[in-house]
Amino acid sequence: MKRALGPALKILALRMPALAIPALAIPVLLFGSTIRAADAPVVVTSIKPIHSLVSAIMQGVGEPKLIVDGAASPHTYNLKPSNARALQDAKVIFWVGPGLEAFLEKPLQALGRDASTAELDNAPGLVKLPFREGGAFEPHDDAPEHESASGQHDSASDAPEHEHDHAEADHDHDAFDTHLWLDPMNAKAMAAMITTTLVAADPANALTYQGNAKALNDRLDALDAEIKGIVAPVKGKPFIVFHDAYQYFEHRYGIRVAGSITVSPETIPGAERVSEIRHKVGELGATCVFAEPQFEPRLVNVVIEGTRAKSGVLDPEAATLKAGPDLYFTLMRGIADSMKDCLSST
């Protein structure tokens, strides 16, 4: 009897009207809907490195929107109508803070009032470094002790600790360098704040956010160890950068930036600054001067003309990279590889 049941069911199915098939499929579709992640909130991020960290934590839930896309820079960005609409629709907004994305300060007050806004330069556990004046820098005799997102302290690149204040000012965003993401331990601190903010805004997906954050932290630890190995052969070689964006990378890995052509890329340096940097390049002899892809390279050519210095390119804001959860890792490896490639040949 049991053996005859299978063929009988096949015959019955063939005789059933076509309209009955969707009815049988309904329970399957309903079951499938119960195992999908809950609908993701609308999340907006300011720049590519932050978008990458948020994307990694939101994997399996949704994809955040990005304001400063393509080769644009937050230093010179003008808000587009599509960006304004995104801010109006947002439930959560992540940005570094007004010291970096000044163009967002007023729009957030006008358009993002209904969103939960996370200013990541306030993340607990960040190391913040004071702005330098630009031009030629004095050699570093020390590196800051770093408090990681887990609350553990470790000194950058095994360098001696120092005890000066890291300019972790009350909310004086003019007091510190805002390129905070160029240290993976700062990225871990920001990832912790991103996770807390997303869980509060979207508790239905809390377990996914928390699991992704743990995986991201593990990847950041591995990246940190990898970069230490990449730059180890060139740690003692000084070089010049287009603008002073690399302090956090410099302090974390014990490399030496000897000066910057400009303090901020939206400010064209005067003849005195260019002359000072040319003199510094002459003192250093064979060295590297690094341009940035979204800014005029002509100044770099002026600085190295008639010297033994070579030029390279660093991309601290990921202007040339495709946005996504892996961008942060590509960005950091790219900086390390560019430094090693140029400095190894000097």
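Above this text sits the structure in question.
The structure displayed is predicted, hence computed values, not measured ones. (Residues numbered from 1 in each chain as written. Predicted model: local features only at pLDDT ≥ 70, side-chain atom pairs only at ≥ 80, totals over all residues. Heavy atoms only, no water.)

### Quick look at the overall build of the chain
Assigned secondary structure in the chain consists of 11 helices and 11 strands. Expressed as a percentage of its 346 residues, the buried residues of the chain come to 48%. When the accessible surface of the chain is split by element, carbon and sulfur atoms take 55% of a total near 16800 Å². (Helix = DSSP H or I, 4+ residues; strand = E, 2+ residues; numbered from the N terminus. Buried < 20%, exposed > 50% of the residue type's maximum accessible area, 1.4 Å probe, protein only. Areas by Shrake-Rupley, 256 points an atom, 1.4 Å probe, with all protein chains shown as cover.)

### Examining the packing of helix H3 (residues 48–58) against helix H6 (residues 184–201)
Contact pair H3 / H6: the axes reach a minimum separation of 10 Å and the direction vectors enclose 55°. With respect to their mutual orientation, H3 and H6 come out oblique. The interaxial crossing formed by H3 with H6 has right-handed handedness. When H3 is examined against H6, the residues Ile50, Leu53, Val54, Ile57 and Met58 are found in contact with a partner set consisting of Ala187, Met190, Ala191, Ile194, Thr195 and Leu198. (Axes fitted to C-alpha atoms, helices over the stretch in contact; angles between N-to-C directions. Parallel < 35°, antiparallel > 145°, perpendicular 65-115°, else oblique. Left-handed = near helix turned anticlockwise from the far one by under 90°. Contact = heavy atoms within 4.5 Å.)

### Considerations on the pairing of strand S10 (residues 288–291)
Neither face of S10 is left uncovered, since the one carrying Cys288 and Phe290 and the one carrying Val289 and Ala291 both have all their residues buried. For strand S8 (residues 239–243) and S10, the ladder comprises two bridges, and the chain directions are parallel. The partner of Ile240 across the bridge, within S10, is Val289. Where S10 lies against strand S11 (residues 310–313), four bridges are found, and the strand directions are parallel. Paired with Phe290 across the strands is Gly312, a residue of S11. (Pairing = 2+ DSSP bridges.)

### A few points about the state of the cysteines
One pass over the structure, following the stated rule, counts one disulfide. Through a disulfide, Cys288 is tied to Cys342; the S-S separation comes to 2.0 Å. The sign of the -110° torsion about the S-S bond sets the Cys288-Cys342 disulfide as left-handed. Taken together, the positions of Cys288 in strand S10 and Cys342 in helix H11 (residues 327–344) put the pair 54 residues apart, joining distant regions of the chain. Here Cys288 matches Cys342 in class, with each residue buried. (Disulfide = S-S within 2.5 Å.)

### Observations concerning the pattern of salt bridges
The tally for this structure, following the rule as stated, stands at 11 salt bridges. Close ionic contact of Asp224 with Arg252 constitutes a salt bridge, the shortest N to O distance being 2.8 Å. Of the two residues, Asp224 sits in helix H7 (residues 206–231) while Arg252 sits in helix H8 (residues 247–253), which places them 28 residues apart along the sequence. For Arg252, a relative accessible area of 1% corresponds to the buried category. (Salt bridge = Lys/Arg side-chain N within 4 Å of Asp/Glu carboxyl O.)

### A short note on the side chain of Glu292
Take Glu292: it is sitting in the loop between S10 and helix H10 (298–304). In this structure Glu292 is buried but unpaired, with Arg132 as the nearest side chain of opposite charge at 11 Å. Side chain to side chain, Glu292 and His243 meet in a polar contact 2.7 Å long. Among the polar contacts made by the side chain of Glu292, one reaches the side chain of Tyr246 at a distance of 3.0 Å. When residues no more than four places from it in sequence are discounted, the contact partners of Glu292 are Phe242, His243, Tyr246, Val313, Leu314 and Pro316. (Lys, Arg positive; Asp, Glu negative; His and termini not counted. Polar contact = N/O pair within 3.5 Å; in protein donor to acceptor, adjacent residues only side chain to side chain.)

### A few points about the packing of H6 against H7
Here H6 crosses H7 at 180°, and the two axes come no closer than 10 Å. In terms of orientation, H6 lies roughly antiparallel with respect to H7. From H6, Pro184, Met185, Ala187, Lys188, Ala191, Thr195, Leu198 and Val199 reach across to H7, where they touch Ala206, Tyr209, Gln210, Ala213, Leu216, Asn217, Leu220, Asp221, Leu223 and Asp224. When the residues that make up the contact of H6 with H7 are grouped by side-chain class, the tally is 12 nonpolar, three polar and three charged. (Nonpolar A, V, L, I, M, F, W, Y, C, P; charged D, E, K, R; others polar.)

### Focus: the environment of Thr197
Inspection of the secondary structure puts Thr197 in helix H6. Separated by 103 residues in the primary sequence, Thr197 and Phe94 place their C-alpha atoms 9.2 Å from one another.

### Points about the pairing of S8
By the criterion of burial, S8 is predominantly enclosed, with five of the five residues buried. Sheet topology places S8 next to strand S9 (residues 257–262); four bridges connect them, and they run parallel. The residue of S9 that forms the bridge with His243 is Thr262.

### Details of the sheet that holds strand S1 (residues 43–45)
If you trace the four strands from one edge of the open sheet to the other, you get S2-S1-S3-S4, paired in parallel fashion. Of all strands in the sheet, those with a lone pairing partner are strand S2 (65–66) and strand S4 (116–119), marking the two edges. Its contacts with the sheet put H6 on S1, strand S3 (92–95) and S4, and the angle it makes with S3 is roughly 170°.

### Notes on helix H9 (residues 271–284)
In this model H9 runs 20 Å from its N-terminal to its C-terminal C-alpha over 14 residues, within 8% of the 20 Å that 1.5 Å per residue would give. Among the residues of H9, those classed as buried are Val274, Ile277, Lys280 and Val281. The arc that holds every buried residue of H9, seen down its axis, measures 120°, which confines them to one face. Exposed and facing more than 90 degrees away from the buried side of H9 are Ala271, Glu272, His279, Gly282 and Glu283. Remark: Gly285 follows H9 within two positions and exhibits a positive phi of approximately 75°. (Expected span 1.5 Å × (residues − 1). Arc of directions from axis to C-beta.)

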